[in-house]
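# Commentary on secondary and tertiary structure
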Amino acid sequence: MNIGDIAGIVAAVAFLALVAFLAVPLLKVGKVLDAATDSVREITAHTLPVVDEAAATIAASNAQLAKVDAVTTAATEVSQNVSALTTLVSATVGGPLIKVAAFSYAVRRAFRRGA
């Protein structure tokens, strides 16, 4: 065995020690990446039902808003109809009532003067 062979063996052992030294952190990094992958899968598994439930809640809210809109529209129509009826009654009955009131006032004044 010559010096070159011994230097080659020393270099091979040193390289083997370096590989062994670097393998430990690489294995730990691999475990961390596996754990991160599992965490992402678990988060995804829990998030999708929440998103589906939120979508269902929003759809139900939209349906309720449509019902409220229908009720509000009906209330607006009733309010307009009452306003129109009030205007009609006021125009129909109001004029003659004013005339009757004026006539009764005139009759009372005439009786007071004559009495």
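Residues numbered from 1 in each chain as written. Predicted model: local features only at pLDDT ≥ 70, side-chain atom pairs only at ≥ 80, totals over all residues. Heavy atoms only, no water.

Helices and strands together make up the secondary structure of the chain, namely one helix and zero strands. In terms of C-alpha radius of gyration, the chain reaches 48 Å, well past the compact-globule figure of 13 Å for 115 residues. Each principal axis of the C-alpha atoms in the chain carries an extent, and together these give about 160 × 25 × 20 Å. Taking all 115 residues of the chain together, the buried fraction comes to 0%. Working note: accessible area of the chain is about 9900 Å², and carbon and sulfur atoms make up 73% of it. Computed over 9 positive and 8 negative side-chain charges, the inter-centroid distance for the chain is 44 Å. (Helix = DSSP H or I, 4+ residues; strand = E, 2+ residues; numbered from the N terminus. Rg over C-alpha atoms; globule rule 2.2 N^0.38 Å. Buried < 20%, exposed > 50% of the residue type's maximum accessible area, 1.4 Å probe, protein only. Areas by Shrake-Rupley, 256 points an atom, 1.4 Å probe, with all protein chains shown as cover. Lys, Arg positive; Asp, Glu negative; His and termini not counted. Charge placed at Lys NZ, Arg CZ, Asp CG, Glu CD.)

Take the UniProt feature "transmembrane region" (unreviewed entry) in the chain next. The UniProt feature table records "transmembrane region" (unreviewed entry) at residues 6–27. Across residues 6–27, the secondary structure splits into 100% helix and 0% strand, with the terminal C-alpha atoms separated by 31 Å. (UniProt positions renumbered as here; feature names shortened; annotations may be inferred.)

Right, let's talk about the pattern of salt bridges for a bit. The tally for this structure, following the rule as stated, stands at one salt bridge. Close ionic contact of R41 with D38 constitutes a salt bridge, the shortest N to O distance being 3.6 Å. With R41 and D38 both in helix α1 (residues 3–114), this residue pair falls three residues apart, about one helical turn. We classify R41 as exposed; its relative accessible area is 56%. Judged by its relative accessible area of 46%, D38 is partly exposed. (Salt bridge = Lys/Arg side-chain N within 4 Å of Asp/Glu carboxyl O.)

Taken together, the side chains of R108, R109, R112 and R113 make up a positively charged region of the molecular surface. For R109, the position within the fold is in helix α1. Exposure remark for R109: the relative accessible area of 39% places this residue in the partly exposed category. (Patch = residues over 30% accessible without salt bridge, like charges linked within 9 Å, V, L, I, M, F, W, Y side chains within 5 Å.)

Right, let's get into a nonpolar patch on the surface. On the surface, a cluster of nonpolar side chains totalling about 520 Å² of accessible area is made up of M1, I6, I9, V10 and V13. Counting through the fold element by element, I9 comes out in helix α1. Accessibility expressed as a relative area gives 45% for I9, which makes it partly exposed.

The next point concerns the environment of I3. Tracing the sequence through the fold places I3 in helix α1. Relative accessible area serves as the criterion here: at 70%, I3 is assigned to the exposed category. Counting along the chain gives 96 residues from I3 to K99, while the straight-line C-alpha distance between them is 138 Å.

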